[in-house]
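Here are the chains, one letter per residue:
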Amino acid sequence: MKKIDALIVVTDQGGCALTPGGPIIGKWRQARLDVISRVPSSGITRSPSSYANCSHALKMLSVVARAGTVSPYLRAACLAVAGPLSAVSPAAVVKKDTVLLDANKPLLCGHCARTGPTVSSRLNAVAGVRFAHTDIRVPDFSVYRRPEVMDPKKSAQDSSDARKVFSYLMTGSTAVLGVYAAKTVVTQFISSMSASADVLALSKIEIKLSDIPEGKNMTFKWRGKPLFVRHRTEKEIATEASVNLSELRDPQHDKDRVTNPKWVIVIGVCTHLGCVPIANAGEYGGYYCPCHGSHYDASGRIRKGPAPLNLEVPYYEFPDDETVIVG
Amino acid sequence: MGIFSNGQNEMTYLFWTTRRDSINNHSLRKEQMTNHYAKSGTFRTKLNQMLFPPRCYGLWAEDEKNAFVGEPVLLSLRRSQATVSYAQSILGASEAQLSTLDNGLRIASEETDHATCTVGLWISVGSRYESEKNNGAGFFLEHLAFKGTKKHSQSALEQAVESMGAHLSTYTSREHTAYYMKTLAKDLPKAVELLSEVVQSSSLSEAEIEQQRGVVLRELEEVEGSLSDVCLDLLHSTAFQGTPLSHSVLGPSENARTFTRQHLVEYINSHYKAPRMVLAAAGGVNHADLVGLAKQYFSGVSFEYQGDAVPVLHPCRFTGSEIRYRDDAMPLAHVAIAVEGAGAANPDVVPLMVANAIIGSYDLTFGGGMNLSSPLARRAAELSLCNSYEAFHTTYSDTGLMGIYFVTDKHKIEDMMHWAQNAWMNVCTTVTESDVARGKNALKASLIGQLNGTTPICDDIGRHILNYGRRIPLAEWDARIDAVTPKVLRDVCIKYIYDKCPAVSAVGPIEQLPDYNRMRSAMYWLRF
């Protein structure tokens, strides 16, 4: 029997270090520990550890001596787990009368000053304090298991690939859908900053062509600018078609400027400095800009004057013969 | 011809001869070797110095002697002229002989010319064969093994053993139990007799059971101090949860408190059957003698099960999981992370062992520092990542646990885990030719170096017969190890490690241990 000066630290399940119910009053208690004696030279020996060929080293309980305070740290990291039902005695002699605790140390969880380490009970109803790590029961997680791994007698390797593929597939598709949803939300928010419907509605104009008599030019407000819609006579059409392109400052054949030769649709903004030309004026039977004297013909092309380019032709289409939508 | 000794009857250190046949190579012991140099010229000069190209040595002087020994020509073992090469010695290692008795008990022995021998009984029973109710029976039985048999009381047994100067030992693991005796070769018959009694007719007295109960309980307490055992036991309990492999060999304290003689007798009757036993021996034993002794003492071992209840080993499901036993009062954290490995008979075992050899192990006492060969060890030394780590691979008959176990300070856990898993990723993806060569050499050296006595050899024989049905010779191990190339290694490691759910167990101040999902994510690389 060896007598060893020892500090035995008792831990409960909460992981708090408890001092044993016995007091350490300023000096170390003599603890008797029955050790399994080794007979190394000859005779009968046992290898009590569970692992083959590993020698059972007697753990030396080392003394950490600091006067007056109880240090929970052991050099050799040796712990004894005690249950109140057994076994710390005779390992440690517990003195029941006065318990002197270090005033600086807060009472550790589960520690009752009078009785020492408390019994903790667990929901699994295997009652009592854990005596050794072999008493720890891993709970049954069958509720969470996939069907392929419910059977403990079947190796999990066979289904491993299938399970992984399923998980990754689910994750991958969720990610794709999530990204798509995020993109949708973000674009919705950002596109809320773009033009509103009423503004967009202004971007097109629908014109009833039967309102415009032949030879006449009508002006509409479109996108903040004047829009000229001219119903041309046959004579005007013929004249414009036969104009020699080399005479033109901005050469464009009439048929390039109109979809339907009967209708000329141009933006009524002079290409010189932006005034609005007057319809049915000027020397060429088209438009005349009064600001600086630019003459446009019936096709809206510049013939005379300071303007450099022909009147701009916007995009338009004829959904039927009676209407045109510009823009 | 010269013999370097003082002329007294001393051991010859160097036997020098010009005649090739004057030395019988087969009489050489393990620690002796011959160097054979042809075409050596004159050996003695006039002054009686050794003439050995390129210079002469006067061997009476200490410094000349040292220079002679360190002579590069002498040291260079030119293969064509050296008598025993590595390959030859591997092939020449003695083989184990195997026989079987009528009741199915196998006998295997390897004869070496030691004057001692180790003989023992290896039984394929362990905690894996136990149920929840009788978990710990094997361990309890181990305590009672040497407390007397029907023919010898405890003191008589001890007397018999000690008078021979023998050692009688036993161990229990999850799949094997062994009772073995180390003794002089000439005491083999007595040894086998005692072993047969211990195994077949242990007395198991009630008084002794009660006494040992207290011892077992105290031992359960004491093993709590061996945190590496606690950590690895917890690893098994979580990795193989719900299966018999999760049982610790020690068994829960509840069982230890309640075992009766009946439990133990039932245990023996269900598991100590001849087809599951191997009588193994190594040392100065003659196989025929051993078979005769076995026939004499072990013919009575039963080979039938009551009610045909043959215990079948089902596969054990591995569960990627973790168990955390946090206690901030402990000074160091013990952490183990493992994946499911290969079973003992699986050919993948060899590449996995090579991978572990590449990862290696480390301890604060290693002096290599930045020059250690394993990259993880270098990191550990450089960044003071841990007190120690080791890569382990525990094999069972159809499954295994391959992992890394480390002990570290509470502030280094996360870093160490990161680098340990990084080492795994390296071995799966970027392992190089030189790493593999180094790992193979280290593995070969350790496999061969372990067999350094009759007891390790006997243990090897016993376990091999139980695991494989035959003793795997060193030459075969060598060939299997040589067959591992970087590509093979990567493929095998990817199969077992890459993107697999690990089992983690941790004991101590483990607040810093990362969340399981993070450790799981570190089992693959996005860059790969």
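The structure contained in this document is the topic of the report that follows. (Residues numbered from 1 in each chain as written. Chains lettered and ligands numbered in written order. Predicted model: local features only at pLDDT ≥ 70, side-chain atom pairs only at ≥ 80, totals over all residues. Heavy atoms only, no water.)

Examining the overall build of chain B
The criterion, for reference: The way it works is that DSSP assigns letters per residue, a run of H or I at least four long becomes a helix, a run of E at least two long becomes a strand, and they are numbered from the N terminus. Exposure classes here rest on a 1.4 Å probe applied to the protein chains alone. A residue is buried below 20% of its type maximum, exposed above 50%, and partly exposed in between. Working rule for contacts: check all heavy atoms of both residues, and any pair within 4.5 Å makes them a contact. Method for areas: the Shrake-Rupley scheme with a 1.4 Å probe, in which residue coverage is limited to the protein chains shown.
Summing up its helical and strand segments, chain B has 19 helices and 16 strands in all. The proportion of buried residues among the 528 residues of chain B is 53%. By sequence separation, contacts in chain B at least 24 residues apart represent 77% of the contacts at least 6 residues apart. Approximately 23300 Å² of chain B is accessible, and the part contributed by carbon and sulfur atoms is 52%.

A look at the overall build of chain A
Scanning chain A for helices and strands turns up 5 helices and 17 strands. Split into buried and exposed, the 327 residues of chain A put 36% on the buried side. Here the contacts in chain A between residues at least 6 apart in sequence split such that 55% fall between residues at least 24 apart. As displayed, chain A offers around 19000 Å² of accessible surface, 60% of which is attributable to carbon and sulfur atoms.

Looking at unusual backbone geometry
Residues and elements named next belong to chain B. Phi is positive for Ser-384, close to 50°, though the residue is something other than glycine. For Ser-384, a relative accessible area of 45% puts it in the partly exposed group. Even without being glycine, Asp-499 reaches a positive phi, approximately 55°. With respect to the element layout, Asp-499 can be found in the loop between helix H18 (486-496) and strand S16 (503-508).

Things to note about the sheet that holds strand S15 (residues 400-408) of chain B
Residue and element names in this part refer to chain B. Let me state the cut-off plainly: Two strands are said to pair when DSSP picks up at least two bridges between them. Comment: axis = line fitted to C-alpha atoms, over the contacting stretch for helices; angle = value between 0 and 180 degrees taken between N-to-C directions.
Pairing in this open sheet of 6 strands is mixed, and the strands run S11-S16-S12-S15-S14-S13 from one edge to the other. If you trace the sheet from one side to the other, it starts and ends with strand S11 (322-326) and strand S13 (361-363), each paired once. Averaged over all pairs of adjacent strands, the angle between their axes in this sheet comes to 15°, without regard to strand direction. Sitting on the sheet, helix H12 (residues 349-359) is in contact with strand S12 (333-341), S13, strand S14 (388-395) and S15, with an inclination near 175° to S14.

Focus on a negative patch on the surface
Residues and elements named next belong to chain A. Stated formally: To count toward a patch, a residue needs a relative accessible area over 30% and no salt bridge; like charges are then connected within 9 Å, while nonpolar side chains (Val, Leu, Ile, Met, Phe, Trp, Tyr) are connected within 5 Å. Any carboxyl oxygen of Asp or Glu within 4 Å of a side-chain nitrogen of Lys or Arg constitutes a salt bridge here. Positive charges come from Lys and Arg, negative ones from Asp and Glu, while His and the chain ends are left out of the count. Note that the charge is assigned to NZ on lysines, CZ on arginines, CG on aspartates and CD on glutamates.
On the surface, Glu-206, Asp-320, Asp-321 and Glu-322 cluster together into a patch of negative charge. Take Glu-322: it is sitting in the loop between strand S16 (316-320) and strand S17 (323-326). Given a relative accessible area of 43%, Glu-322 falls into the partly exposed group.

Focus: the packing of H12(B) against H18(B)
All names here are of chain B. Short version of the rule: To sort the angles, those under 35 degrees are grouped as roughly parallel, those over 145 as roughly antiparallel, those from 65 to 115 as roughly perpendicular, and the leftovers as oblique.
Running from N to C, H12 and H18 point in directions that differ by 95°, and their axes come no closer than 9 Å. It follows that H12 is roughly perpendicular to H18 by the angle criterion. For the pair H12 and H18, the contacting residues are Pro-351, Leu-352, Val-354, Ala-355 and Ile-358 in the first and Val-488, Leu-489, Val-492, Cys-493 and Tyr-496 in the second.

Quick word on the pairing of strand S9 (residues 177-184) of chain B
Residues and elements named next belong to chain B. Most of S9 sits inside the fold, with 6 of its 8 residues counted as buried. When strand S7 (residues 116-123) meets S9, the two strands line up antiparallel, connected through 8 bridges. Across the sheet, Gly-120 pairs through a bridge with Tyr-180, a residue of S9. Adjacent in sequence and paired antiparallel, strand S8 (residues 167-172) and S9 are bridged by 4 residues.

Re the state of the cysteines
Residue and element names in this part refer to chain B. This is how it is decided: Our working definition of a disulfide is a cysteine sulfur pair at a distance within 2.5 Å.
Within the structure shown, the criterion is met by 1 disulfide over all chains. Take Cys-428: it sits in no disulfide, and the sulfur closest to it among the cysteines is that of Cys-493, at 5.1 Å. Taking relative accessible area as the criterion, Cys-428 reaches 0% and is therefore assigned buried.

Quick notes on the sheet that holds strand S15 (residues 302-304) of chain A
Residues and elements named next belong to chain A. The 4 strands lie next to each other as S12-S13-S14-S15, forming an open sheet whose pairing is antiparallel. Of all strands in the sheet, those with a lone pairing partner are strand S12 (278-281) and S15, marking the two edges. Each strand of the sheet is rotated relative to its neighbour by a mean of 40°, with strand direction disregarded. Strand direction decides the pairing type here: S12 and strand S13 (residues 285-289), joined by 3 bridges, are antiparallel. Within the sheet, the bridge partner assigned to Ala-281 lies in S13 and is Gly-286.

Observations concerning H12(B)
All names here are of chain B. The element H12 is extensively covered by neighbouring structure, given that 10 of its 11 residues are classed as buried. Of all the residues in H12, the buried ones are Val-349, Val-350, Pro-351, Leu-352, Val-354, Ala-355, Asn-356, Ala-357, Ile-358 and Ile-359. Phi turns positive one or two residues past the end of H12, at Gly-360, with a value near 75°.

A word on the pairing of strand S9 (residues 217-222) of chain A
On any regular strand, side chains alternate: one points to one face of the sheet, the next to the other face. All names here are of chain A. Here S9 pairs with strand S10 (residues 225-231) via 6 bridges, running antiparallel. From the neighbouring strand, Lys-221 faces S10, where its bridge partner is Pro-226. Turn length for the S9-S10 hairpin, with the two strands adjacent in sequence and antiparallel, is 2 residues, and the turn residue Arg-223 shows positive phi of about 55°.

Brief notes about the nonpolar core
Residue and element names in this part refer to chain B. Applied cut-off: We define a nonpolar core as any set of buried Ala, Val, Leu, Ile, Met, Phe, Trp, Tyr and Cys residues linked to one another through side-chain atoms lying within 4.5 Å.
Counting residues in each nonpolar core, the largest one holds 72 residues, and the members touching the most others are Trp-122, Tyr-389, Ile-404, Trp-424, Leu-489, Ile-497 and Leu-513. The leading source of residues in this core is helix H14 (residues 413-429), at 9 residues. With residues near it in sequence (within four places) discarded, Ile-404 still touches Val-335, Ala-336, Ile-337, Ile-359, Tyr-389, Glu-390, Ala-391, Phe-392, Ala-420 and Trp-424. Among the nonpolar cores identified, the runner-up in size contains 58 residues, and Leu-121, Val-216, Ala-281 and Ala-294 belong to it.

Remarks on the packing of aromatic side chains
Put simply, the rule is: Stacked, edge-to-face and tilted labels apply to pairs of Phe, Tyr and Trp rings (six-membered ring for Trp) whose centres lie within 6.5 Å, assigned for plane angles under 30 degrees, over 60, and everything in between, in that order. The criterion is that NZ of a Lys, or CZ of an Arg, lies within 6 Å of the ring centre and within 35 degrees of the ring normal, and then a charge sits over that ring.
Applying the stated criterion across every chain, the model contains 10 aromatic pairs over all chains. Here Tyr316(A) and Phe318(A) contribute two aromatic rings whose centre-to-centre distance is 5.7 Å and whose plane-to-plane angle is 90°, an arrangement assigned as edge-to-face. Look at Phe318(A) and you get partly exposed, because its relative accessible area is 23%. For the pair Tyr362(B) and Phe366(B), a centre-to-centre distance of 5.9 Å together with 70° between the ring planes defines the contact as edge-to-face. The class of Phe366(B) is partly exposed, set by a relative accessible area of 38%. Here the aromatic cluster, defined as three or more aromatic residues joined through ring pairs, consists of Trp122(B), Tyr171(B) and Tyr180(B). Over the aromatic face of Tyr305(B) sits the side chain of Lys273(B), whose NZ or CZ is 5.5 Å from the ring centroid. Here the basic side chain of Arg379(B) rests over the ring of Trp419(B), its NZ or CZ set 3.7 Å away from the ring centre.

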